[in-house]
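Commentary on secondary and tertiary structure
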Amino acid sequence: MIQKPKGTYDVFGEKSRQIKYIEKIINSVMEKYNYEYMKTPVFESSELFHRGVGETTDIVTKETYDFTDRGGRNMTLRPEGTAGICRSYVENKMYGTYSMPVKCWYYGSMYRYERPQSGRFREFTQFGCEVFGSDNPLVDAEIISIPVNIYKILGLKGIKVKINSLGDKESRENYREALIKHFEGEIDSLCADCKERFLKNPLRILDCKIDSNKEIMNTAPTTIDYLNEESKKHFEKVKKCLDAMDIDYEVDPKIVRGLDYYTHTVFEVEADIESFGSQKVLCGGGRYNGLVEAIGGPKTSGVGFAIGLERLLNALEAEQIVLDEENSIDVYVAPMSEEEETYALGLTQMLRLSGFKVDMDYMNRKLANNFKMADKMHAKYIMIIGDVEASTDIITIKNNNTKEEHKIKLEDVIDFLDQNLEEEE
Ligand code: HAM
C-alpha cells in the first residue's frame, strides 16, 4: 500500500471540522483588524530563503526541501511565510501604491525536513501576519495581540507570552562582540556546527541542540544587556502598549529566535499546559527592519508572527476544548424511489441556490433509513418526495424535531423555510 510521506498527515472527520472552525475564526479576526489576505507560491527560488531566513540558520542549512526544476532553476519549498510575503511586497512595489502601514495575513503549508514528532511535521500549516512600513512600537504590540486574541476566542487558557529585544543594528553588533568574547576560549569544547557558527554568526550558537546544557551556554550574555538607548526606548514602549491592552507577558532574555532577520522585539507564545508535549511553542514572531532591504527592496521596517496550526490543535486537545462547529443542515431531501430522484435533485438545487444548507439521499435508501440519515445529519426539516409530490408539486415537509407535517406548494417552499427557520433561531 502506498503511504503518506513521513512527517505529513491527512485531514478528515473531526479534525477537518476543527480546522474549518479555526479558519472561520481567523477570517473573522482578520476582518476586525482590517488586514488583507495575501497568497504567495509554495515554492520560491532558493536564493530568497538563503538571503531572507539566513545562510547559517538550521532551517536553511539542514531543513529545506530543495529541488532543481526542469529548467535547471534552484527552487525550495517554503520553510516559512515571511520571506515570500516580503518578496511579493517588493516585486509588486506595494511601497509605492499602498498607504502605510501595509497589513496583511496568509495561511498555508510550510515545509521543513525536521525529525517528526508530536507537534513537529515536515509539512505543517502556518497562519501569519506581516506589517510593513511602521517603526511604531504600537504595531509590535498589535502583532502580539493577534495570536493572543485568537487563542482567547478559541478558549485556550494555558498560554504564556514571552518577549525579548535584540535591538537595532548597533545593539546587535555589540552583542555579537560580547558573544565572541564569551565563547572564544571554549570553542574547542563545542560541536562542529557551533565552531562554524562561531566564525559566521555566533548568535546561532545559542540554537544548538547538542551543546544546549553546557555551562558555557547558560552563562552566555543576553541581548537585553547590550541594547542602546534607542532600542531600550522601543522595547519599553512595546511593554507599555501590551500593558494598555491588558496582555500578560514575561520578559525572557533567552529568546533569540531561530531565523536571522529579527531586530528589536522578538516573542513567542508557549503552551503552559501540564501534559503538553515538548513542542510547546505555539507561535513566534518579531520585528525585522532589515529584511525588505536584504531582498532588494527599499529600506522598510517590518513586524509579524506565525501560528502553527498543528500545535494549536494539540493545545486545544490537551485542554479538552471541543470546538463547537455547527454541523446541522436545514433540509434533508428523501426521494421515495429512483423515479423521483431527478425531481428531488432539482428541488435540492433550488434550495441550495436560495441559500439553504441541504443534502439528499443518493443511495436509494428505504424511508426508515432516510429518517435515520436525517437525524445523523441533524436536519431541521425533511422533504419526502413520492410520486404524488413529484406530479402535483405539493411537497411534504416534516419538522424533524416536532415531527409535525406540512403540505406546501413548491412555489411557497422557500417562504415557508425562511419563516420557520427564522422562528427556530
Ligand atoms: P517559526 O518560529 O519558525 O517562525 O515558526 C512559527 C510557528 O510555526 C512555530 O511557533 C510553530 O508553532 C510552527 N512550526 C514551526 N516549525 C514547525 C514544524 N516543523 N511542525 C509544526 N509546526 C511548526 C516563523 O516561521 C516566522 N516566519 C514567524 C514570523 C512571521 N516572524 C515574523 N513574521
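Here, the structure is the one placed above.
Presented here is an overview of the structure given in this document.

As for the overall build of the protein
A count of helices and strands for the protein gives 16 helices and 16 strands. Whereas a compact globule of 425 residues would reach a radius of gyration of roughly 22 Å, the protein reaches 28 Å, over 25% beyond that. Oriented by its inertia axes, the alpha-carbon framework of the protein measures out at about 90 × 55 × 45 Å. Within the protein, buried positions represent 51% of all 425 residues. For the protein, restricting intrachain contacts to residue pairs at least 6 apart in sequence, the fraction spanning at least 24 positions comes to 71%. Per element, the accessible surface of the protein, about 22,200 Å² overall, is 48% carbon and sulfur. Measuring between centres, the 56 positive side-chain charges of the protein sit 5 Å from its 74 negative side-chain charges.

Here's the deal with unusual backbone geometry
Residue Pro 101 is bonded to the preceding Met 100 through a cis peptide linkage, with omega at -5 degrees. With respect to the helices and strands, Pro 101 occurs in the loop between α5 (94–97) and β5 (102–111). Even without a glycine there, the phi angle at Asn 34 is positive, about 60 degrees. Position of Asn 34 among the secondary structure elements: in the loop between α1 (13–33) and β1 (36–37). Residue classification places Asn 34 among the exposed positions, given a relative accessible area of 61%. Even without a glycine there, the phi angle at His 264 is positive, about 55 degrees. Along the chain, His 264 turns up in strand β9 (residues 263–271).

As for the packing of aromatic side chains
Scanning the model with the defined rule gives 14 aromatic pairs in all. Measuring from ring centre to ring centre gives 6.0 Å for Phe 43 and Phe 67, while their planes differ by 65 degrees; the resulting arrangement is edge-to-face. Of the two residues, Phe 43 is situated in strand β2 (residues 43–45) and Phe 67 in strand β3 (residues 65–68); the sequence distance between them amounts to 24 residues. Here Tyr 175 and Tyr 226 contribute two aromatic rings whose centre-to-centre distance is 5.9 Å and whose plane-to-plane angle is 50 degrees, an arrangement assigned as tilted. Linking Tyr 175 in helix α7 (residues 169–184) with Tyr 226 in the loop between α9 (215–218) and α10 (229–244), this pair joins segments that are 51 residues apart in sequence. Aromatic ring contacts, followed pair by pair, group Tyr 89, Tyr 95, Phe 132, Tyr 261, Tyr 262 and Tyr 288 into a single cluster. For the cation-ring pair, Lys 398 lies above Phe 371, with the distance from its terminal atom to the ring centre recorded as 4.6 Å.

Here's the deal with the pattern of salt bridges
Overall, the coordinates contain 25 salt bridges when judged by the stated rule. The salt bridge partner of Glu 236 is Lys 239, with a shortest N-O separation of 3.2 Å. Of this pair, Glu 236 and Lys 239 are both found in helix α10, three residues apart, which corresponds to roughly one turn of the helix. Assessed through its relative accessible area of 45%, Glu 236 is described here as partly exposed. Among the charged side chains, a network of salt bridges with common partners joins Asp 58, Lys 62, Asp 193, Arg 197 and Lys 209.

Examining the sheet that holds β3
Taken in spatial order, the three strands make up an open sheet running β2-β4-β3, and their pairing is antiparallel. Two strands close off the open sheet at either side, each with one partner strand: β2 and β3. Here the strands of the sheet are splayed against their neighbours by 35 degrees on average, with no regard to which way each runs.

So, how was this worked out
Residues numbered from 1 in each chain as written. Predicted model: local features only at pLDDT ≥ 70, side-chain atom pairs only at ≥ 80, totals over all residues. Heavy atoms only, no water. Helix = DSSP H or I, 4+ residues; strand = E, 2+ residues; numbered from the N terminus. Rg over C-alpha atoms; globule rule 2.2 N^0.38 Å. Buried < 20%, exposed > 50% of the residue type's maximum accessible area, 1.4 Å probe, protein only. Contact = heavy atoms within 4.5 Å. Areas by Shrake-Rupley, 256 points an atom, 1.4 Å probe, with all protein chains shown as cover. Lys, Arg positive; Asp, Glu negative; His and termini not counted. Charge placed at Lys NZ, Arg CZ, Asp CG, Glu CD. Phe/Tyr/Trp six-rings, centres within 6.5 Å; stacked < 30°, edge-to-face > 60°. Lys NZ or Arg CZ within 6 Å of the ring centre and 35° of its normal. Salt bridge = Lys/Arg side-chain N within 4 Å of Asp/Glu carboxyl O. Pairing = 2+ DSSP bridges. Axes fitted to C-alpha atoms, helices over the stretch in contact; angles between N-to-C directions.

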